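A look at the structure
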Amino acid sequence: MRAVQAVTVAAAALLLLLSFSYFEPLHMSSKGGYERTASSFTLSSLGVAAGLGESSGAPVVSGAASDEGRNALIVGLTDAMRRAAEREDFDEAKRIKRMLEQARKAPAQLQPPPVVVSAVPARPLAIEPVANLAANPAADADASPSGNQEPALSAHLPILKRRKGLVALVSLASDSAASRGGYPGCLVQAWSSVWLVHPNGTRSFLIEPPGDCIGRATAAEVSQIAKNEGEGRTYKVSDKDLIALICSNAGCPRGPLSSGGGSGEVMNQADEQCVMSALEATPLPPVTPTWTQPAGEFQLSKQLVERFASPARQIIVTFVNFHYLSFAITWVHHLRSVGCNHFLVGAMDNQVIEELRSRQIQFFSIADGGVVTRDLGWGSPAFKKAQQVKVQMFADVLAHGYDAFLADIDAIFMRDPLPYLRCFPEADMLVSSDHLHNSTTDGGLELSTSAHATMNVGMLYVRARPDGMKFMNEWAKKCSANLDFWEQAIFNEMAKSASGLDISNATLKPRRLFSMWGRKLVGGILPVSLYCSGHTGFVQRMHAELDFTAPYALHATFQYSGTRGKKERFREAGVWIDPPDYYDPPGGLLRFQPTLAEELTRAPWVGVTDTARHLALVATQMAAVRDALALAHALGRTLLMPRLVCGYDRYWSGMPDGMIPGSALVLPIWACPMDHLFELERMPPPEDTFREWSLLSNVRTPHSVKTSISVVSLSNLPAGQSLKEALAKTGANLSSRVLDMQSVPHYSEVLSGKARSEFELLVRRMPSAFCCNPKSAPPIRYVMPLGTPSDRVGPLPRAPPPRRLSMAEDGPGDVRLRER
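Quick look at the structure, then. (Residues numbered from 1 in each chain as written. Predicted model: local features only at pLDDT ≥ 70, side-chain atom pairs only at ≥ 80, totals over all residues. Heavy atoms only, no water.)

A short note on the sheet that holds strand 14 (residues 455-462)
Taken in spatial order, the eight strands line up as 10-9-8-11-14-13-16-15 in an open sheet, and their pairing is mixed. With one partner strand each, in any of the chains shown, strand 10 (363-365) and strand 15 (513-516) form the two edges of the open sheet. Averaged over all adjacent pairs, the angle separating strand axes in this sheet is 30 degrees, with direction ignored. Pairing analysis gives three bridges linking strand 13 (residues 429-433) to strand 16 (residues 521-525), with the strands arranged parallel. Across the sheet, Leu430 pairs through a bridge with Gly524, a residue of strand 16. (Pairing = 2+ DSSP bridges. Helix = DSSP H or I, 4+ residues; strand = E, 2+ residues; numbered from the N terminus. Axes fitted to C-alpha atoms, helices over the stretch in contact; angles between N-to-C directions.)

Description of the state of the cysteines
In the structure shown here, the tally under the stated rule is four disulfides. Covalent S-S linkage joins Cys213 and Cys247, the inter-sulfur distance amounting to 2.1 Å. Classification of the bridge connecting Cys213 and Cys247 rests on its S-S torsion, roughly -80 degrees, and on that basis the disulfide is left-handed. Linking Cys213 in helix 6 (residues 211-216) with Cys247 in the loop between helix 7 (240-246) and helix 8 (269-280), this pair joins segments that are 34 residues apart in sequence. Accessibility assignment for this pair places Cys213 and Cys247 in one class, buried. If you count the bonded cysteines of the protein chain from the N-terminus, they pair up as 1-4, 2-3, 5-6, 7-8. (Disulfide = S-S within 2.5 Å. Buried < 20%, exposed > 50% of the residue type's maximum accessible area, 1.4 Å probe, protein only.)

Digging into the side chain of Arg313
By the secondary structure assignment, Arg313 is in the loop between helix 9 (302-308) and strand 8 (314-320). Buried within the structure, Arg313 lacks any salt-bridge partner; its nearest side chain of opposite charge belongs to Glu306, at an N-O separation of 5.4 Å. Only 3.1 Å separates the side chain of Arg313 from the backbone oxygen of Gly401, close enough to count as a polar contact. (Lys, Arg positive; Asp, Glu negative; His and termini not counted. Salt bridge = Lys/Arg side-chain N within 4 Å of Asp/Glu carboxyl O. Polar contact = N/O pair within 3.5 Å; in protein donor to acceptor, adjacent residues only side chain to side chain.)

Quick look at helix 18 (residues 562-572)
Burial analysis of helix 18 places eight of its 11 residues in the buried class, which makes it a mostly covered element. Of all the residues in helix 18, the buried ones are Thr563, Gly565, Lys566, Glu568, Arg569, Phe570, Arg571 and Glu572. On its buried side, helix 18 packs onto helix 10 (325-337), strand 12 (411-413), helix 16 (534-538), strand 18 (553-555), helix 21 (686-689) and strand 23 (690-691). Among the residues trailing helix 18, Gly574 stands out with phi positive, at a value near 75 degrees. (Contact = heavy atoms within 4.5 Å.)

Quick word on the nonpolar core
Phe678 and Met741 are the most contacted members of the largest nonpolar core, which has 57 residues in total. Listing elements by their share of this core, those giving two or more residues are strand 19 (589-592), helix 20 (611-635), strand 21 (644-646), strand 22 (669-672), helix 23 (723-729), strand 25 (738-743), helix 24 (747-750) and helix 25 (753-764). Broken down by element, this core gets its largest block of residues, 13 residues, from helix 20. In terms of nonpolar packing, the next biggest core, distinct from the first, is built from 56 residues, Trp331, Val352, Ile412 and Ala427 among them. (Core = buried A, V, L, I, M, F, W, Y, C linked by side-chain atoms within 4.5 Å.)

Notes on the packing of aromatic side chains
Tallied over the entire structure, the rule returns 27 aromatic pairs. Both rings, one in Phe327 and one in Trp576, keep their centres 4.8 Å apart while their planes meet at 75 degrees; by these two values the pair is edge-to-face. With Phe327 in helix 10 and Trp576 in the loop between helix 18 and strand 19, this residue pair connects regions lying 249 residues apart in the sequence. For the pair Trp331 and Phe413, a centre-to-centre distance of 6.0 Å together with 70 degrees between the ring planes defines the contact as edge-to-face. (Phe/Tyr/Trp six-rings, centres within 6.5 Å; stacked < 30°, edge-to-face > 60°.)

Right, dumping it as structure tokens:
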């Protein structure tokens with residue numbers, strides 16, 4: 001009887017071998033039917049040998065099956081289940097698993113004999129062994145000399161740099177020596193098969209891994225993890241040495257992977273430690289430049305990048321033309337003040353080249369790009385040309401093999417950003433966002449769901465990896481093809497098009513990362529509270545609301561007065577670098593902070609129903625600015641603008657609730673930017689007219705100015721007295737650097753005749769517009785009230801009804817607040 005059984009088992013094994021040998025070539029060109037036919041054919045053969053039958057679709061094990069046949073069946077079913085999983089036929093794998101569980105229910109009586117099935121060779125893959133893959137696993141690629149080369153991994157798995165003490169992706173995995181020395185990633189298992197989950201969130205199948213590899217891996221729903229496919233990548237790994245190296249890794253963290261996801265709302269321990277270390281680090285001593293660029297050596301080169309790159313092979317890059325030289329001076333000042341000299345400036349014209357060189361600011365020339373020296377003007381052909389040059393410049397820097405952080409010249413750094421960026425080595429790209437509501441509060445990246453908002457390329461960090469550089473070259477190509485395109489729009493289109501954005505990847509999502517650009521790259525969104533837009537930084541002041549000492553960067557977006565508006569935002573924040581005499585102007589300063597009635601500022605603000613209150617609040621403050629400015633002019637002083645309060649926000653389109661849709665802003669705005677209420681580009685230069693309200697808090701303002709203050713109150717000018725006589729009678733010290741006015745007279749009492757007429761022309765040009773009405777309503781343009789000495793504001797403006805407004809006689813979208 002045993003001889004018969006042995007012959008039967010041998011025959012079944014032979015049939016199994018023939019079945020896989022016959023059907024295996026079909027795996028290369030077909031899915032589904034052919035593979036399933038192969039496994040079904042094999043299983044039926046095993047069933048004959050072992051006495052396995054199926055009744056009404058439910059698998060059962062015959063009691064007559066021998067121990068040899070049962071063990072052979074278990075081995076065969078296990079191998080068949082693994083092969084079904086390998087070809088992604090999980091329904092078939094589940095069906096086989098049910099049969100395997102039935103076969104295992106009977107107690108084992110004998111050890112299984114050797115089975116030919118397990119020796120069936122896997123289909124060979126077009127992968128050559130990598131001889132030096134495991135060499136020096138602890139080396140830190142970020143700090144390696146420029147001459148070192150990465151192992152040639154492109155034919156095997158994603159090209160990812162090795163990092164000391166890090167199994168990329170798995171912060172919660174065991175910290176064993178094996179996990180530190182293995183290939184980047186972690187292990188998951190299902191259906192008696194093992195996959196490597198890469199730091200980019202994809203997975204590769206390990207063909208015939210050793211048994212302990214399955215035990216090390218974490219059980220997971222692998223169908224939730226994208227396959228590692230595409231140019232330069234492979235899904236199946238067959239090289240035994242490479243598999244052995246991979247199998248030294250730890251299993252992936254339990255929880256997020258096993259459940260097929262994770263929100264990332266709680267920052268994992270490794271990320272938190274790195275982020276907190278960067279945030280709490282003491283800045284390095286300020287950098288004093290000692291190197292002047294040799295004459296004529298102005299071209300971008302690897303030697304130049306290497307000279308200024310950080311030890312971790314990182315470099316910050318910006319670009320500037322002559323018109324924005326003052327921005328470059330401020331930009332460089334703040335980086336050097338926190339001990340960071342790891343930057344290069346792309347110089348767009350010959351004038352700015354000479355200025356940068358004379359100031360010992362390291363640069364390279366991109367003057368042949370054809371960019372004008374004047375103000376670029378957002379959206380203009382000159383602006384788009386500059387953006388085209390910028391993208392190509394950035395691609396050229398990356399081509400030298402250094403990770404680079406591209407920053408617009410109006411993105412000023414308050415901290416050294418490079419240590420923070422090193423906290424996320426899995427990311428190919430980290431980019432700032434125009435989203436106005438933070439999804440996290442802990443200093444880490446925004447949640448992956450924030451990737452749906454517009455990515456702002458004014459702050460963009462890219463690692464010098466092949467796929468990242470391919471993206472950059474493609475981006476530069478698309479920008480060059482059509483100057484009518486906006487480079488940021490092209491970036492977002494590329495990152496998110498053709499289902500290329502995947503924010504639900506079960507491996508990346510817990511790390512607040514996502515896959516982009518056809519799932520070829522791993523991306524992350526920099527926190528909007530620390531890498532601030534013009535709204536989260538200057539209007540919401542989100543970093544202060546979350547108790548961060550300072551943001552990493554302030555980007556002057558979301559402002560409404562061009563280049564002057566950008567400068568004034570930075571001045572109000574105490575960031576802009578002006579010449580010393582700016583902080584102590586000739587003739588001194590005059591300050592007036594009006595007292596606002598509680599009914600004008602109290603919260604809450606309730607959308608369109610509070611439009612009248614907002615307009616009254618604005619008119620009251622404009623009247624105060626009008627009178628204080630007239631008094632300053634008459635005394636030959638410079639006005640310190642009052643700290644403005646806005647009931648509503650400002651935007652380019654409708655704000656039914658008085659603030660930008662999706663914003664985290666809480667109304668009112670207690671330190672409202674000046675460009676919300678005034679058109680700075682229609683006013684005289686601030687250097688000649690006024691100073692920002694925060695000047696006396698600026699560290700660059702001399703102590704002699706801050707302490708020379710005379711408090712004065714003058715509500716009206718008595719008849720028959722000159723202005724200086726009236727002030728002297730109040731006890732004012734006119735030699736003080738600052739006259740702090742508690743009240744001021746009406747402008748008509750201070751100015752008369754031609755001076756008054758010219759002043760009225762000036763102030764009528766100052767107000768701006770806002771849009772707080774229901775959707776599709778035209779904007780309301782503020783008008784400076786002139787009033788009278790007895791009624792400073794005049795009749796309060798009437799708010800338009802909450803509906804589409806009719807056109808005023810001054811033209812579309814120009815509803816004026818007129819004096820009666």
